[in-house]
Amino acid sequence: MMPSATLLGQALISGVLAGGMYGLLALGLSLSWGLLRLVNLSHFALAFLAAYLTYEMGTTYHIDPWWSVLLIVPAMFAIGLVQHWIFDRFKVNELASLLITFSFAVMLEVGIQLYWTADYRRFETHYATWSIKAGPFYIPVLELILCLVAGVLAWGTWLWLRKTYVGKALRASAEDADIAAAYGVDHKKLAYLLSGLGAAYAGVAGTFIALIATLAPAQIWAWLGVVFAVVIIGRLGNPLGALFAGMLIGASESIAMAILSPAWAPVVSFSVLIAILLWDPEWS
Amino acid sequence: MSKGMGASRRRTFLGGALAATAGLVAAPAILRAAPSGKPVRVGGTLSLTGFLAQTAVIHKIASEIMVEEINSRDGFLGRPVEFILLDDQSKPDVARSLYEKLITVDKVDLIQGPYATAPILAAMGVAQRYGKVMIQSSMGIPKLQTYDMAFPATPFGPEPDKSYPNVILDAMATLSPAPKTMVVLTSKFPSAQFMAQGMRVEAEKRGVKVPLYLEYEAGNRDFGAIAARVKEANADFLWVGSLGLESNQILEALRKLDYKPKNSFHLYPAPGPLALSPDGNLVWSSTFLEPDEPFMSRPGMKKIAELYKERATKANLPYPIIDAQAAGMVSEWQILEQGVNGAKSLEDKQIAAWLKKNVVTTIYGPTKFDGLYNHGAPAQLIRQVQNKEWKVVWPKDLAAPGVKLIGG
């Protein structure tokens, strides 16, 4: 039976908004991979640490997430700096970064489990299920805010990388660190800034994860596959690409759920990835 | 002479009777001597880390309580019980290796089954190879338990995919108006999928149409599109083969579309969060017991329920109330205790033979292992959230006092 236009439209809205989360999670990962040549698997664990901190502050100390994010994001930025100090101190290369950040993610997962237990946690808010009615469609408010925040961060980062000296210097270093250094670019200092920024974006993503998703330590790994696909489709180091790729994957998954079966959703993201790699369009 | 002898005997008898009476009064202290000697070592694994950990921690707490309880009685054959618990990380291959190690390296006397179908199946292969009795409480697909010395501690019955859907359909038939259409939505987690397929078949057999049957991957992140399909189908009844917080996520996704199912059933939800959720009122779920009458009158239940609440609260579990998960592990230990002490042996074959011939009293009541796949009669019930608490509502004779099933 063919799905109705309302069902398809609603699925498209849900998918694009869900893709906002993919894009937001992909943002920091794409920057560190593309511009620092470090594949930071602990990005997901940092996002979940931020989510658990949001949960803890909200449930134990009754701090609204919109305020707790002001504490969490700087804390994550600091963690990003420490993490980069380790990479720098031990001269970690791209391949080694995979292993080291994987270990860091596992340690964070164990730490989260020790403190918050392995049980599912859910941060209940009165606005979690708010929606805006637009004709026959419903637009979930939280997911819409998430998409707007992801859009602002992606657009701002894109502008920063293209229009400012620091951004241009970072891109130049990623192209050829030695030549950039010859022009006076201090790649090491800029790398610290970028690493902190990536972790801070994980902090923002974590706040929304706490508000939208279910928390369990093992969930850290649930986003890994799809976000990697998003980073590659969106092109490494391209913040806007990450966001658009996230929305593309989210929409594709959601339409597959509406037309075929929900069980097909995971197949879709990787099929899109393979198709785009084979097609190799100019923007990818 | 004889009279004097008689008086002396009488005094001796009276003295003996007094001593015996005093002894009986002080029985808990004197007759129930603490178990002594070399401990009986029982080995097992639980998924203390990994994706099953949130439920396995409940089994761990129940195990600790039961080992203490058994040791406060007579242990196993008068010897103390020592439980060697290892973490299988929610991975069947790890469970398999650890059971191999427990039996061949640690040389445990007995084993207990792990948590969840996949680790149980992995451990069962090892148990079969070494001829060990294995009792398990959470294998939701009984037909996979083909090992002759494996025993179920939870009364799913041999064919829950046929028996339990009919319990639900019986309850549905009492609603006014009785639901005529049903959406079946399920996780692809094997035991949930198995029950969902059964629900679909049995519903159609009894004239309840299933216009939409959907399966989603375990760990699905976004329920928006699924909710849109459920809303569009707009059936009288929503059956969800959910695990953990998936039920909350599905109901929230439906509320975002301004849709509330008229009646909904949830297979294995996280009980606390669903009961407390604004979307949870009047939802149905599966259970085998709840901490209410008539279950609280079962031997030992009250004490175990209190101990569980105390330990689970201390362990910071969000729902520190005993339910079918914890009760399953309690039942596992009750079966092993009665099997060992009944057979008067630690020999696995003798324990298995005794269990097959006798009725065991567990937290679930009298339990037999004389049916298909060593299962006894099914005893799955329906509970419903009423005033933010789970209450057994079906069958009527086991419903909590003063509580009845309410239609949406």
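The residue count restarts for each chain, going from 1 along the sequence in the order it is written. Both sets of labels track the order of writing: A upward for chains, 1 upward for ligands. Reporting in this predicted model follows two pLDDT cut-offs: at least 70 for local features of residues, and 80 or more for side-chain atom pairs to be given and counted; totals over whole chains, interfaces and linings ignore these cut-offs and use all residues. Side-chain metrics in this entry use all non-hydrogen atoms of the structure; hydrogen atoms and water are not considered.

Visitor: I'd like a rundown of the overall build of chain A, residues and numbers included.
Guide: A helix here means a DSSP run of H or I that spans at least four residues, while a strand means a run of E at least two residues long, and both kinds are numbered starting from the N terminus. What chain A contains, in helices and strands, is 11 helices and two strands. Overall, chain A shows an N-to-C arrangement of helices and strands of α-α-α-α-β-β-α-α-α-α-α-α-α. Compactness check: chain A gives a C-alpha radius of gyration of 19 Å against a globular reference of 19 Å for 284 residues, within 12% of the reference. Dimensions of chain A along its principal axes, counting C-alpha atoms only, are 65 × 50 × 30 Å. Three exposure classes are used, based on accessible area relative to the maximum for each residue type with a 1.4 Å probe and protein chains only: buried under 20%, partly exposed in between, and exposed over 50%. Expressed as a percentage of its 284 residues, the buried residues of chain A come to 55%. Two residues form a contact once any of their heavy atoms are found within 4.5 Å. Here the contacts in chain A between residues at least 6 apart in sequence split such that 80% fall between residues at least 24 apart. The atom set for the radius of gyration is the C-alpha atoms, and the globule formula is 2.2 Å times the number of residues raised to the power 0.38.

Visitor: Explain the environment of Ser297(B) to me, using residue names and the numbers behind them.
Guide: Take Ser297(B): it is sitting in the loop between strand 10 (284–287) and helix 11 (301–314). For Ser297(B), the side chain forms a polar contact with the side chain of Glu293(B), separated by 2.5 Å. Pairs of N or O atoms within 3.5 Å make up the polar contacts considered here, provided that, within protein, one atom can donate a hydrogen while the other can accept it, and that residues adjacent in sequence are counted only when both atoms are side-chain atoms.

Visitor: I'd like to hear about the sheet that holds strand 3 (residues 110–111) of chain B, residue by residue, with values.
Guide: Sheet strands line up and pair through hydrogen bonds in the backbone, either parallel or antiparallel. Residue and element names in this part refer to chain B. Strand order in the open sheet formed by three strands is 2-1-3, with parallel pairing between adjacent strands. The open sheet has two edge strands, strand 2 (81–87) and strand 3, and neither has a second partner. Strand pairing is assigned whenever DSSP identifies at least 2 bridges connecting the two strands. The pairing of strand 1 (residues 40–46) with strand 3 spans two bridges and is parallel. Within strand 3, the residue paired with Gly43 across the bridge is Ile111.

Visitor: Could you give me a rundown of the interface of chain B and chain A, with the residues and numbers involved?
Guide: Listed by partner, the interface residues are 34 residues for chain B and 38 residues for chain A. Accessible surface is computed with a 1.4 Å probe, and the buried area is the amount of it that two parts give up when combined, taken over both parts together. On the chain B side of the interface with chain A, the three residues burying the most area are Gln54(B), Arg221(B) and Lys256(B), jointly 24% of the side's total. By salt bridge we mean one thing: a side-chain nitrogen of Lys or Arg within 4 Å of a carboxyl oxygen of Asp or Glu. Summed over the shared surface of chain B and chain A, the number is three salt bridges. A salt bridge links Glu252(B) to Arg122(A), with the nearest nitrogen and oxygen atoms 2.2 Å apart. For the pair chain B and chain A, the number of links is 15 residue pairs in polar contact (both at pLDDT 80 or more).

Visitor: Which residues make up the packing of aromatic side chains, and what values do they have?
Guide: Each aromatic ring pair is summarised here by two numbers: the centre-to-centre distance and the angle between the ring planes. Planes of paired rings set the category: under 30 degrees apart is stacked, over 60 is edge-to-face and the rest tilted, where pairs are Phe, Tyr or Trp rings (Trp by its six-membered ring) whose centres lie within 6.5 Å. What the rule picks out here adds up to 18 aromatic pairs over all chains. Relative to Trp223(A), the ring of Tyr22(A) has its centre 6.3 Å away and its plane inclined at 75 degrees; by these criteria the two rings are edge-to-face. Linking Tyr22(A) in helix 1 (residues 5–36) with Trp223(A) in the loop between helix 8 (187–212) and helix 9 (224–233), this pair joins segments that are 201 residues apart in sequence. When sorted by exposure, Tyr22(A) lands in the same class as Trp223(A), which is buried. A ring pair is formed by Phe156(B) and Phe288(B), whose centres lie 5.2 Å apart and whose planes are at 80 degrees; its orientation type is edge-to-face. With Phe156(B) in the loop between strand 5 (150–152) and helix 6 (160–173) and Phe288(B) in the loop between strand 10 and helix 11, this residue pair connects regions lying 132 residues apart in the sequence. Among the aromatic residues, those joined into a cluster by ring pairs are Trp66(A), Tyr127(A), Trp130(A) and Phe208(A). Positioned over the ring face of Trp223(A) is Arg221(B), at 5.7 Å from the centre of the ring. Whether a charge sits over a ring depends on NZ of Lys or CZ of Arg being within 6 Å of the ring centre and within 35 degrees of the ring normal.

Visitor: Explain the nonpolar core to me, using residue names and the numbers behind them.
Guide: Phe76(B), Ile168(B), Trp239(B), Trp284(B) and Trp333(B) are the most contacted members of the largest nonpolar core, which has 105 residues in total. It is helix 12 (residues 324–343) of chain B that contributes the most residues to this core, 10 residues altogether. Both of domain 1 (40–155 + 294–374) and domain 2 (160–287 + 381–398) of chain B provide at least three residues apiece to this core. Among buried residues, the Ala, Val, Leu, Ile, Met, Phe, Trp, Tyr and Cys ones that are joined through side-chain atoms within 4.5 Å form a nonpolar core. Core analysis: the second largest hydrophobic core is formed by 83 residues, Ala26(A), Tyr127(A), Ala174(A) and Leu273(A) among them. For the purposes of this description, domain bounds are those given by an automatic or database domain assignment.

Visitor: Give me the lowdown on the sheet that holds strand 8 (residues 237–244) of chain B, citing residues and values where you can.
Guide: Residues and elements named next belong to chain B. Across the sheet, which stays open at both edges, the seven strands sit in the order 7-6-8-9-10-13-14 with mixed pairing between neighbours. Where the open sheet ends on each side, the last strands, each with one partner, are strand 7 (209–216) and strand 14 (389–394). Between one strand axis and the next, the sheet turns by 25 degrees as a mean value, whatever way the strands run. Where strand 10 lies against strand 13 (residues 381–386), four bridges are found, and the strand directions are antiparallel. Between the N-to-C directions of two axes lies an angle of 0 to 180 degrees, each axis being a line fitted to C-alpha atoms and, for a helix, fitted only over the stretch in contact.

Visitor: Report on helix 8 (residues 224–233) of chain B, specifying residues and quantitative values.
Guide: Helical geometry: 3.6 residues make up each α-helical turn, so side chains three or four residues apart lie on a common side. Across the 10 residues of helix 8 of chain B, seven count as buried, placing the element largely inside the fold. For helix 8 of chain B, every residue scored as buried is listed here: Gly224(B), Ala225(B), Ile226(B), Ala227(B), Ala228(B), Arg229(B) and Val230(B). For helix 8 of chain B, the secondary structure elements touched by its buried residues are helix 1 and helix 10 (239–259) of chain A together with strand 6 (181–187), strand 7, strand 8 and helix 9 (246–256) of chain B. Positive backbone phi, approximately 45 degrees, marks Asn234(B), located one or two places after helix 8 of chain B.

Visitor: Go over the confidence of the model for chain B with me, naming the residues and quoting the values.
Guide: Residues and elements named next belong to chain B. By definition, pLDDT measures how confident the predictor is in each residue, and it falls between 0 and 100. Averaged over all residues, the pLDDT of chain B equals 90, while 92% of them reach at least 70. At the low end of the mean pLDDT range in chain B sits helix 1 (residues 2–25), at 42; at the high end sits strand 3, at 98. Scored below 50 in pLDDT, residues 1–30 makes one contact in the model with residues more than four places away or belonging to other chains.

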